[in-house]
Amino acid sequence: AKLAKKLKAEGHRPLLVACDIYRPAAIEQLKVVGAAAEVPVFEMGTEKPEKIAVSAVKYARDYGHDYVILDTAGRLHIDDDLMAELTRITKAVEVNDILLVIDSMIGQDAVNVAKAFNDLLEIDGVILTKLDGDTRGGAALSVRAVAGKPIMYAGVGEKLDDLDEFHPDRMASRILGMGDMLSLIEKAEQELDDKQAEETAKRLAENKFDMNDLLQQFESIKKMGSLKSIMSMIPGMEQKLRNVDVDDKQMYRIEAIIKSMTKKERAKPDIINASRKRRIAAGSGTKVEDVNRLLQQYEQMKKMFKQMNSKGGKRRFGKGLGLPPGFGL
């Protein structure tokens, strides 16, 4: 589903095909994630996978799909029957690419799996999942070296957007604790709105920043993925984050507080008195102390921006990433 969504974003019309007929609810699960990615799913129940593949390719030709992704049964070890099934599928339909999806958290076992699959099936590439974890890419280096096949994509989170093209130099940079600013910049370029960022920068320069702008900043950051994955791309942050639990829920709590305010309160937070704070806290499911903390941090931000402007520093808070480090998180 992640791969299909990426292809769709590039202007293609992919079709997902349910060829995993063994795992309970596998077909239903593919339908659910397919719907979330807004990509159709072709299924024929528990019919033989090779027959499903043939019918799916015909369906794709008839209905104008330019990519057919055959989702075959997963396995934790080399299974002769399932390997024979994959061979039958490749004989039944013309397959352009055979991609092996490996969980990078299994560490060096990933090497054995990749080598065995390549020896039996001649894979074209690898997708490594969970590269946002603590493995830091060791499996990636080993898989490439032993199997001799390129790592094409890296799964870096649970959301459907969390699939990146794999760049060896950037992975090496992360392994060395040097961050990955290029990927961070690319994420910002893809996900964030230039016009919106310019308007925010202008309001910051004019010291007109209010709670609506702050809410906009949080929504922009959410589009780019989890806070930990974003922060890990910043040079020097890898080591600091290793033993720190970055809580994304805190960001949602702040959003809830702001959304519990009236339009007038968001535009002029100064009018929020004790009774208004109690109402906002009740509406957002938080405590009055949480509302106070947010208002204090907001005031600190305003002071910081004012000082920067008074010193003639027209710094552009580019692409909507204008939150100071550690804001409320």
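Everything discussed here concerns the structure shown above.
Now for a description of the structure that goes with this document. (Residues numbered from 1 in each chain as written. Predicted model: local features only at pLDDT ≥ 70, side-chain atom pairs only at ≥ 80, totals over all residues. Heavy atoms only, no water.)

**Points about the packing of helix H3 (residues 49-63) against helix H4 (residues 80-92)**
Filter applied, for reference: To obtain an axis, a line is fitted to C-alpha atoms, over the contacting stretch when the element is a helix, and the angle between two such axes runs from 0 to 180 degrees between their N-to-C directions. The way it works is that DSSP assigns letters per residue, a run of H or I at least four long becomes a helix, a run of E at least two long becomes a strand, and they are numbered from the N terminus. Oblique is the label for any angle not under 35 degrees, not over 145, and not in the 65 to 115 range, which are roughly parallel, roughly antiparallel and roughly perpendicular in turn. Note on convention: the crossing is left-handed when the near helix lies turned anticlockwise from the far helix by less than a right angle, right-handed when the turn is clockwise. Contacts are assigned to residue pairs with any non-hydrogen atoms lying within 4.5 Å of each other. Lys, Arg, Asp and Glu make up the charged group, whereas Ala, Val, Leu, Ile, Met, Phe, Trp, Tyr, Cys and Pro make up the nonpolar group; the residues left over, Gly among them, are polar.
Where H3 meets H4, the closest approach of the two axes is 8 Å, and the angle between their N-to-C directions is 30°. Considering their axes alone, H3 and H4 lie roughly parallel with respect to each other. As for the relative orientation of H3 and H4, their crossing is right-handed in sense. Contacts from Pro 49, Glu 50, Ala 53 and Val 54 in H3 reach Glu 85, Arg 88, Ile 89 and Ala 92 in H4. Its residues assigned to classes, the contact of H3 with H4 shows five nonpolar, no polar and three charged.

**Quick notes on the environment of Asp 124**
The condition is simple: Note on exposure labels: buried denotes an accessible area under 20% of the residue type's maximum, exposed denotes more than 50%, and partly exposed covers the range between, all computed with a 1.4 Å probe on protein chains only. Nitrogen and oxygen atoms within 3.5 Å of one another constitute a polar contact, given that in protein one can donate a hydrogen and the other can accept it, and given that sequence-neighbouring residues count only through two side-chain atoms.
By the secondary structure assignment, Asp 124 is in the loop between helix H5 (109-121) and strand S5 (125-129). Asp 124 gets classed as partly exposed once you look at its relative accessible area, which sits at 32%. In sequence terms Asp 124 and Met 152 are 28 residues apart; their C-alpha atoms lie 9.2 Å from each other. In this structure Asp 124 touches Asn 96, Asp 97, Ile 98, Pro 150 and Met 152, once residues within four positions along its chain are discounted. Among the polar contacts listed, one links the side chain of Asp 124 to the backbone nitrogen of Ile 98, at a separation of 2.7 Å.

**Concerning the side chain of Glu 50**
Relative to the elements of secondary structure, Glu 50 occurs in helix H3. A relative accessible area of 14% places Glu 50 in the buried class. If we ignore the near neighbours within four places in the chain, the residues touching Glu 50 are Arg 88, Ile 89 and Ala 92.

**Digging into the sheet that holds S5**
Rules: DSSP bridges decide pairing: two strands pair if at least two such bridges lie between them.
The mixed open sheet is built from four strands, whose spatial order is S4-S5-S6-S7. Taken across any chain shown, the strands that pair with only one partner, and hence form the sheet edges, are strand S4 (99-103) and strand S7 (163-165). Averaged over all adjacent pairs, the angle separating strand axes in this sheet is 25°, with direction ignored. Of the strands in this sheet, S4, S5, strand S6 (151-155) and S7 are in contact with helix H1 (residues 2-9), which crosses S7 at around 60°.

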